Amino acid sequence: MGNNRNVHIVSIDKAHSFGKRSFLTLDDAPSPLETQQRIEYIREDGSELAALDLIYLDSPLYEDLLFWNDPIIQNEENKSLENQFTDNILSYRNVLIKISVFSLSGGDSESINKSLIDITGQVVDFIQN
């Protein structure tokens with residue numbers, strides 16, 4: 001059985017992984033054993049993009065919500081970015097799930113935050129069932 005999906009190999013400076021590896025693969029070699037995969041969805045009206053990053057870990061964690069983006073940007077020059085992006089990170093066994101929502105139409109923070117809440121609930125429900 002073959003795999004015809006594109007392989008995305010990420011080469012990194014070994015120092016950035018605390019000296020552990022040079023490739024973001026399970027075997028630290030340029031191989032198809034990736035430690036990360038991205039799934040993207042675009043809202044039907046084209047207003048938002050949701051990205052789910054699945055990140056494999058060597059060791060299991062626990063089932064939890066680890067991070068929720070605080071969209072408050074202190075720098076006035078970048079204040080408009082508050083309404084364009086939000087994200088969170090879940091852990092499930094040995095996988096981190098990073099959910100990011102991007103506004104593609106200038107959007108507002110209420111809309112992308114609602115989308116993030118909805119998507120997070122759907123991901124948790126899917127995992128639990």
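Residues numbered from 1 in each chain as written. Predicted model: local features only at pLDDT ≥ 70, side-chain atom pairs only at ≥ 80, totals over all residues. Heavy atoms only, no water.

## Regarding the pairing of strand E4 (residues 85-92)
With four bridges connecting them, strand E3 (residues 64-68) and E4 associate as antiparallel partners. By the bridge assignment, aspartate 64 is partnered in E4 with serine 91. Connecting the antiparallel pair E4 and strand E5 (residues 95-103) is a turn made up of two residues, with arginine 93 showing a positive phi of about 55 degrees. (Pairing = 2+ DSSP bridges. Helix = DSSP H or I, 4+ residues; strand = E, 2+ residues; numbered from the N terminus.)

## Considerations on the nonpolar core
If you look at the biggest cluster of nonpolar residues, it comprises ten residues: Ala50, Leu52, Leu90, Ile97, Ile99, Val101, Ile112, Leu116, Ile119 and Val123. Ranked by the residues each element gives to this core, the list is headed by helix H1 (residues 109-128), at four residues. Discounting chain neighbours no more than four positions away, the residues touching isoleucine 97 are Asp53, Leu54, Asn88, Ile89, Leu90, Tyr92, Val123 and Ile127. (Core = buried A, V, L, I, M, F, W, Y, C linked by side-chain atoms within 4.5 Å. Buried < 20%, exposed > 50% of the residue type's maximum accessible area, 1.4 Å probe, protein only. Contact = heavy atoms within 4.5 Å.)

## Describing a nonpolar patch on the surface
A cluster of nonpolar side chains, namely Leu61, Tyr62, Leu66 and Phe67, defines an oily patch on the protein surface of about 370 Å² accessible area. Along the chain, phenylalanine 67 falls in strand E3. (Patch = residues over 30% accessible without salt bridge, like charges linked within 9 Å, V, L, I, M, F, W, Y side chains within 5 Å. Areas by Shrake-Rupley, 256 points an atom, 1.4 Å probe, with all protein chains shown as cover. Salt bridge = Lys/Arg side-chain N within 4 Å of Asp/Glu carboxyl O.)

## What about the sheet that holds strand E1 (residues 36-42)?
Picture the strands of a sheet paired through backbone hydrogen bonds; they go either parallel or antiparallel. Spatial strand order, E1-E2-E5-E4-E3: five strands in an open sheet with antiparallel pairing. Edge positions in the sheet fall to E1 and E3, since each has one partner strand and no second. Strand-to-strand twist across the sheet, computed as the mean angle between neighbouring axes with direction ignored, equals 20 degrees. (Axes fitted to C-alpha atoms, helices over the stretch in contact; angles between N-to-C directions.)

## Side note on the pattern of salt bridges
According to the stated counting rule, one finds six salt bridges in the structure shown. With a shortest N-O distance of 3.9 Å, glutamate 40 and arginine 38 are connected by a salt bridge. A salt bridge links aspartate 87 to lysine 98, with the nearest nitrogen and oxygen atoms 3.4 Å apart. Taken together, the residues aspartate 87 in strand E4 and lysine 98 in strand E5 connect sequence positions eleven residues apart. Taking relative accessible area as the criterion, aspartate 87 reaches 7% and is therefore assigned buried. Overall, lysine 98 belongs to the partly exposed group, its relative accessible area being 23%. Bridged by salt links that share partners, the residues Arg38, Glu40 and Asp53 form one connected network.

## Topic: unusual backbone geometry
Positive phi outside glycine occurs at phenylalanine 18, with the angle close to 60 degrees. Within the secondary structure layout, phenylalanine 18 lies in the segment before E1. Accessibility expressed as a relative area gives 83% for phenylalanine 18, which makes it exposed. Non-glycine residue arginine 93 carries a positive phi angle of around 55 degrees. Here arginine 93 is to be found in the loop between E4 and E5.

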